[in-house]
Amino acid sequence: MFTVGIDVGSSTTKAVLMNGSDWRCVIRPTGCSPRQAGSEALEELLGQAGLKREDVKCVVGTGYGRISLPFIDKAVTEITCHARGAHHLLQGTDMVVDIGGQDSKVILTDGRGNVVNFAMNDKCAAGTGRFLEVIAAALGADVSELADLARGAEPVQISSMCTVFAESEVISLLAQGVEKGKIIAGIHRSVALRIAAMAERLGKGELILFTGGVAKNEGVREYLSRELGRKAVVTPESQLAGALGAALLARERAWLSRGRGC
Ligand code: ADP
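Here the structure is a predicted model, which means the values were calculated and not measured.

### Structural notes on the environment of C25
- For C25, the location among the structural elements is in strand β3 (residues 22-29).
- In this structure C25 comes out as partly exposed when scored by relative accessible area, which is 32%.
- When the C-alpha atoms of C25 and D110 are compared, they prove to be 27 Å apart, with 85 residues separating the residues in sequence.
- Non-local contacts of C25, meaning those with residues more than four positions away in its chain, are made with A15, V16, L45, Q48 and L240.

### Side note on the nonpolar core
- The biggest cluster of nonpolar side chains holds 39 residues, and the ones touching the most others in it are V97, I99, V106, I195, F210 and L224.
- Among the secondary structure elements, those contributing two or more residues to this core are β6 (95-99), β7 (104-109), α3 (129-138), α4 (146-150), α5 (163-175), α6 (180-200), β9 (208-211) and α7 (218-228).
- With 10 residues, the single largest contributor to this core is α6.
- Once residues lying within four places of it in the same chain are set aside, the contact partners of I99 are S104, G127, T128, G129, V191, I195, F210, T211, G212, G213, V214 and V220.

### Things to note about the pairing of β3
- Two elements, strand β2 (residues 12-19) and β3, share eight bridges in a ladder whose sense is antiparallel. Along β3, the bridge assignment pairs V16 with C25.
- Counting the residues between successive antiparallel strands, the hairpin from β2 to β3 contains two residues, one of them, G20, with a positive phi of roughly 65 degrees.

### Thoughts on helix α8 (residues 241-256)
- Between its first and last C-alpha, α8 extends 23 Å over 16 residues, near the 22 Å set by a 1.5 Å rise per residue.
- The element α8 is extensively covered by neighbouring structure, given that 12 of its 16 residues are classed as buried.
- Where α8 is concerned, the buried positions are A241, G242, A243, L244, G245, A246, A247, L248, L249, A250, R251 and A254.
- Taken together, the buried residues of α8 touch β1 (2-8), β2, β3, β4 (56-62), α2 (78-89) and β9.
- Looking one or two residues beyond α8, the residue adopting positive phi is R258, at roughly 55 degrees.

About the thresholds
- Residues numbered from 1 in each chain as written.
- Predicted model: local features only at pLDDT ≥ 70, side-chain atom pairs only at ≥ 80, totals over all residues.
- Heavy atoms only, no water.
- Helix = DSSP H or I, 4+ residues; strand = E, 2+ residues; numbered from the N terminus.
- Buried < 20%, exposed > 50% of the residue type's maximum accessible area, 1.4 Å probe, protein only.
- Contact = heavy atoms within 4.5 Å.
- Core = buried A, V, L, I, M, F, W, Y, C linked by side-chain atoms within 4.5 Å.
- Pairing = 2+ DSSP bridges.
- Expected span 1.5 Å × (residues − 1).

This is the structure in structure tokens:
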């Protein structure tokens, strides 16, 4: 029985096709049309597997673009999907830290993939992937290079909380001759501090999974583990947690309807 989960985020669209315990995925930039990105991701996924939409029992959509997807059977919040996907990636996870392109969230779960409580920042770019993209651009680098550039460097203090002011601060630190690596390390630490403050309001996690595209950044990972007082675990599929959770929820819905739909 095939089911699909599609997570249309502000930066990337992730789609997972699930069949029993097997799953495959596609990931592509969302661009300016969430609807088109979602449709193309589904087509690509089905094309790879030689399937048609009718072959899929249930499609669950999530992410900020979920409301613009006409082909889904059900829309589910990112919080619910991330919790479910995180538990699948790391059994027993009781805290999920998700840092995506435009928002960041901390989710406390019951250790079985169900949400207990959460805190979310979707009002301000600081502490999100966008913040890191802006800073990377100011330093003439790509986000994927930040961790390497900062490896082993002592972090400088970044005092601005706002993305625009932090960008100006970075530019003036560069003008003062401060090494790029130290500036980037300071930026990584400032992201980790913001997230740790959010996590503290919820309580302590014993097993923490770090999800979202920013989990690829080893520098943020290290400071986050330090500030949370526990290792922020990352898996190679961390960026797919939301789409995976959506595919799992689609599978549950299809089971409940005994494969008749969802
Ligand atoms: P969303 O779900 O909101 O679209 P993602 O979870 O896909 O966002 O995360 C996107 C963010 O991940 C980008 O803003 C960027 O900061 C970060 N990112 C993406 N690829 C990399 C990489 N290779 N190395 C470091 N950071 C990355």
